[in-house]
Amino acid sequence: MNITKIKKEDCCGCSACMSVCPNHSISMVPDSEGFLYPKVDVGTCVDCMLCHKVCIEKKEKVNSTLYSFAAKNSDPEVLKKSSSGGLSHAICREIIEQNGVVYGVALSSDSQVLIERADSIEKCELFYGSKYVQANPNNTLEMVKKDLIEGKKVLYIATSCYIAGLLSYLKYKNVMIDNLYTVDLICHGVPSPLIFSDYVRWINEKRTVSKFYFRTKKKPWGYGSRNFGCTIKYVDGKEEVDTIRTRVFLNLFFSNNCLRPHCHHCEYAGIDKPADLTVADYWGCIEQEPEFYDKLGVSAVLVHTDKGLELIRNAQELEYKDTPIEKIKMKQGNLNHPSPIANSREQFWNEYMKNGFLYIAKKYGGLNIKGIIINSKLYATYAKLKTGRSL
Ligand SMILES: Cc1cc2nc3c(=O)[nH]c(=O)nc-3n(C[C@H](O)[C@H](O)[C@H](O)COP(=O)(O)OP(=O)(O)OC[C@H]3O[C@@H](n4cnc5c(N)ncnc54)[C@H](O)[C@@H]3O)c2cc1C
Ligand code: SF4
Ligand code: SF4
Ligand code: SF4
């Protein structure tokens, strides 16, 4: 029995099955929505069932939360480049300084979101900032195995489902994981790489993009602020921050029409996670821990293991303080339940296949009159008067 018959709702795309297969009979192939799924070459498959076992085992990998903290990097320059409190970079530095290697998510110059390996702090710069697209793990599971066997310290930062896949794979390969440190995220779900590449193509039609950031720190960080507006730098030196064009992709992301199907059934949408440490934005920090709030960002941290605590305690750049998990949970829907599937999801994809990107950008991505109004300064002033908070 192999993995061929797995349902889309059950597959997160971690690639553990591909990596574990002794005959290299599995490849990861994109479906019509652009998400990768395993494809088995039945001609070479010997029915060893390893792919099936590694996939089942992965669902059992969770640790409870032992401690929770508010944390921020003490270097404002790191904070500016990070999505929340710059915790990830502090931990990357710690592992690199111990001659270790870091695996994190990078955005390539041709807009591919990939897990990459870094063996220097300079290369870790690629990992700054959340990329709200499903990352391609490529063959990083095998690379981690090699690094661990060679005795290196390894830090792997990715979504919880990928961490679970990695741990299950290493177990089936009998690799010692004493030197492996894992960090996952509170996770809303991962949008389609296909929609993202169409979006970037559309942006490029008007002006050529040189750098794309999914967040901005040009507005004060905090829940409800405009820091989700994306920043786009162009080759001609111009920069666009939080305009209607820069918000389209994130509007599509938050519409829940283009997340990976498995994300709506995520087994990690609670405080128990497979990683040593979970990192997120500490939305609500301004109310819950006002003296620790920083307009450049604060991370929420859940510690699940002694190794996770070691990472926090040893990170030189980090300031942190205890905060109850209940406070963190207040503004984190995905610590309570998976993101609900949009009623319009099927219609969204039918319309996308038939009419293309611009059609769905207008209908679901706020590229319309309503979007223009919501994005205007006038609306922001009105909302502030009504709610007492900045958008
Ligand atoms: C798809 C996605 C959904 C998220 N949903 C939530 C949420 O609902 N609530 C919340 O509070 N936080 C969420 N986050 C986490 C948050 O956006 C920040 O990534 C986190 O707070 C770390 O910030 P930082 O300042 O420590 O590090 P940063 O410097 O911002 O580094 C980000 C780290 O995340 C990793 N990363 C970047 N893109 C991806 C990706 N596509 N897949 C896996 N890992 C990635 C990088 O390797 C890097 O180590 C999500 C992140 C992603 C990628
Ligand atoms: S191991 Fe991962 S990629 Fe393979 S079928 Fe299971 S969930 Fe999907
Ligand atoms: S059953 Fe064994 S040989 Fe066949 S695809 Fe799965 S892991 Fe590979
Ligand atoms: S929501 Fe769950 S299944 Fe989806 S990417 Fe995040 S951790 Fe994986």
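Keep in mind the model is a prediction, meaning the values are calculated, not measured.

Further remarks concern the domain arrangement of the protein. Taken domain by domain, the protein consists of domain 1 (67–190 + 266–335) and domain 2 (193–258 + 355–387). With centres defined by C-alpha atoms, the gap from domain 1 to domain 2 works out at 26 Å. Across the boundary between the two partners, domain 1 contributes 27 residues, which contact 19 residues of domain 2. For the pair domain 1 and domain 2, the summed buried area comes to about 1,900 Å², and 68% of that belongs to carbon and sulfur atoms. Among the residues domain 1 hides against domain 2, the three largest losses belong to Tyr132, His188 and Trp283. Together they make up 37% of the total. For the pair domain 1 and domain 2, the interface holds 1 salt bridge.

Reading across from one edge, 8-9-10 is the order of the 3 strands in this open sheet, with antiparallel pairing throughout. Unpaired on one side and paired on the other, strand 8 (209–213) and strand 10 (239–241) mark the two borders of the sheet. Looking at each pair of strands side by side, their axes are set apart by 10 degrees on average, direction ignored. Helix 8 (residues 193–206) rests against strand 8 and strand 9 (231–234) of the sheet, and its axis sits at about 135 degrees to strand 8.

Next up on the list: the packing of helix 8 against helix 14 (residues 357–364). Between helix 8 and helix 14, the shortest axis-to-axis distance is 10 Å and the interhelical angle comes to 95 degrees. What the angle tells us is that helix 8 and helix 14 run roughly perpendicular. Between helix 8 and helix 14, the residues in contact are Ile195, Asp198, Tyr199 and Trp202 and Phe357, Leu358 and Ile360, respectively. The residue inventory of the contact of helix 8 with helix 14, partitioned by class, reads 6 nonpolar, no polar and 1 charged.

Right, let's get into the site of ligand 4. Around ligand 4, the structure places Thr159, Ser160, Cys161, Cys187, Gly189, Val190, His262, Cys263 and Cys266. Looking at side-chain class alone, the shell around ligand 4 contains 5 nonpolar, 4 polar and no charged residues.

Attention now moves to the site of ligand 3. Taken together, Met1, Asn2, Cys21, Pro22, Ile26, Val40, Cys45, Val46, Asp47, Cys48, Met49 and Cys51 make up the full set of residues adjacent to ligand 3. In terms of residue class, the shell around ligand 3 is built from 10 nonpolar, 1 polar and 1 charged.

This next bit is on the sheet that holds strand 4 (residues 101–107). The 8 strands lie next to each other as 5-4-6-7-11-12-3-13, forming an open sheet whose pairing is mixed. Both outer strands of the open sheet, strand 5 (113–118) and strand 13 (318–322), are each paired with one neighbouring strand and no more. When strand polarity is set aside, the average angle formed by the axes of neighbouring strands in this sheet is 25 degrees. With 5 bridges connecting them, strand 3 (residues 67–73) and strand 12 (residues 299–303) associate as antiparallel partners. Pairing of Ala70 across the sheet is with Ala300, part of strand 12.

Before going further, it helps to spend a moment on helix 4 (residues 87–97). Note: α-helices contain 3.6 residues per turn, so residues at a spacing of three or four share the same orientation. Across the 11 residues that make up helix 4, a large majority, 8, are buried. Among all positions of helix 4, only Leu87, His89, Ala90, Ile91, Cys92, Glu94, Ile95 and Ile96 are buried. Just downstream of helix 4, Asn99 is the residue with a positive phi angle, here 60 degrees.

Most often, soluble globular proteins keep nonpolar side chains buried together rather than apart. Val144, Tyr156, Leu180, Ile195, Tyr199, Leu252 and Phe357 are the most contacted members of the largest nonpolar core, which has 70 residues in total. A total of 8 residues in this core trace back to one element, the largest contributor, which is helix 7 (residues 160–172). Each of two domains, domain 1 (67–190 + 266–335) and domain 2 (193–258 + 355–387), supplies a minimum of three residues to this core.

We now examine the pairing of strand 7 (residues 180–185). With 5 of 6 residues buried, strand 7 lies mostly within the body of the structure. Taking the sense of rotation as the criterion, the β-α-β connection linking strand 6 (residues 154–157), helix 7 and strand 7 turns out right-handed. The sheet contact formed by strand 7 and strand 11 (residues 277–281) spans 3 bridges and is parallel. If you follow Asp184 over to strand 11, its bridge partner there is Thr278.

Looking at helix 13 (residues 345–355), one finds that the buried residues are Arg345, Phe348, Trp349, Glu351 and Tyr352. Each buried residue of helix 13 sits inside an arc of 165 degrees when the element is viewed along its axis, so together they form one side. Exposed and facing more than 90 degrees away from the buried side of helix 13 are Glu346 and Lys354. Downstream of helix 13 by one or two residues, Gly356 has phi in the positive range, about 90 degrees.

Enumeration over the complete set of coordinates arrives at 21 aromatic pairs. Seen in terms of ring centroids, Tyr67 and Phe69 are 6.4 Å apart; in terms of plane orientation they differ by 10 degrees. Their pairing is stacked. Looking at Tyr67, the relative accessible area reads 37%, which means it is partly exposed. Classification of Phe69 as buried rests on a relative accessible area of 6%. One aromatic cluster in this structure is built from Tyr132, Phe196, Tyr199, Trp202, Phe212, Phe214, Phe249, Phe253, Phe254 and Phe357. Positioned over the ring face of Phe292 is Lys72, at 4.2 Å from the centre of the ring.

Procedures and definitions
Residues numbered from 1 in each chain as written. Chains lettered and ligands numbered in written order. Predicted model: local features only at pLDDT ≥ 70, side-chain atom pairs only at ≥ 80, totals over all residues. Heavy atoms only, no water. Domains from an automatic or database assignment. Contact = heavy atoms within 4.5 Å. Buried area = accessible area lost by both parts, 1.4 Å probe. Salt bridge = Lys/Arg side-chain N within 4 Å of Asp/Glu carboxyl O. Pairing = 2+ DSSP bridges. Helix = DSSP H or I, 4+ residues; strand = E, 2+ residues; numbered from the N terminus. Axes fitted to C-alpha atoms, helices over the stretch in contact; angles between N-to-C directions. Parallel < 35°, antiparallel > 145°, perpendicular 65-115°, else oblique. Nonpolar A, V, L, I, M, F, W, Y, C, P; charged D, E, K, R; others polar. Near = heavy atom within 4 Å. Buried < 20%, exposed > 50% of the residue type's maximum accessible area, 1.4 Å probe, protein only. Core = buried A, V, L, I, M, F, W, Y, C linked by side-chain atoms within 4.5 Å. Right-handed = clockwise from strand over helix to strand, strands pointing away. Arc of directions from axis to C-beta. Phe/Tyr/Trp six-rings, centres within 6.5 Å; stacked < 30°, edge-to-face > 60°. Lys NZ or Arg CZ within 6 Å of the ring centre and 35° of its normal.

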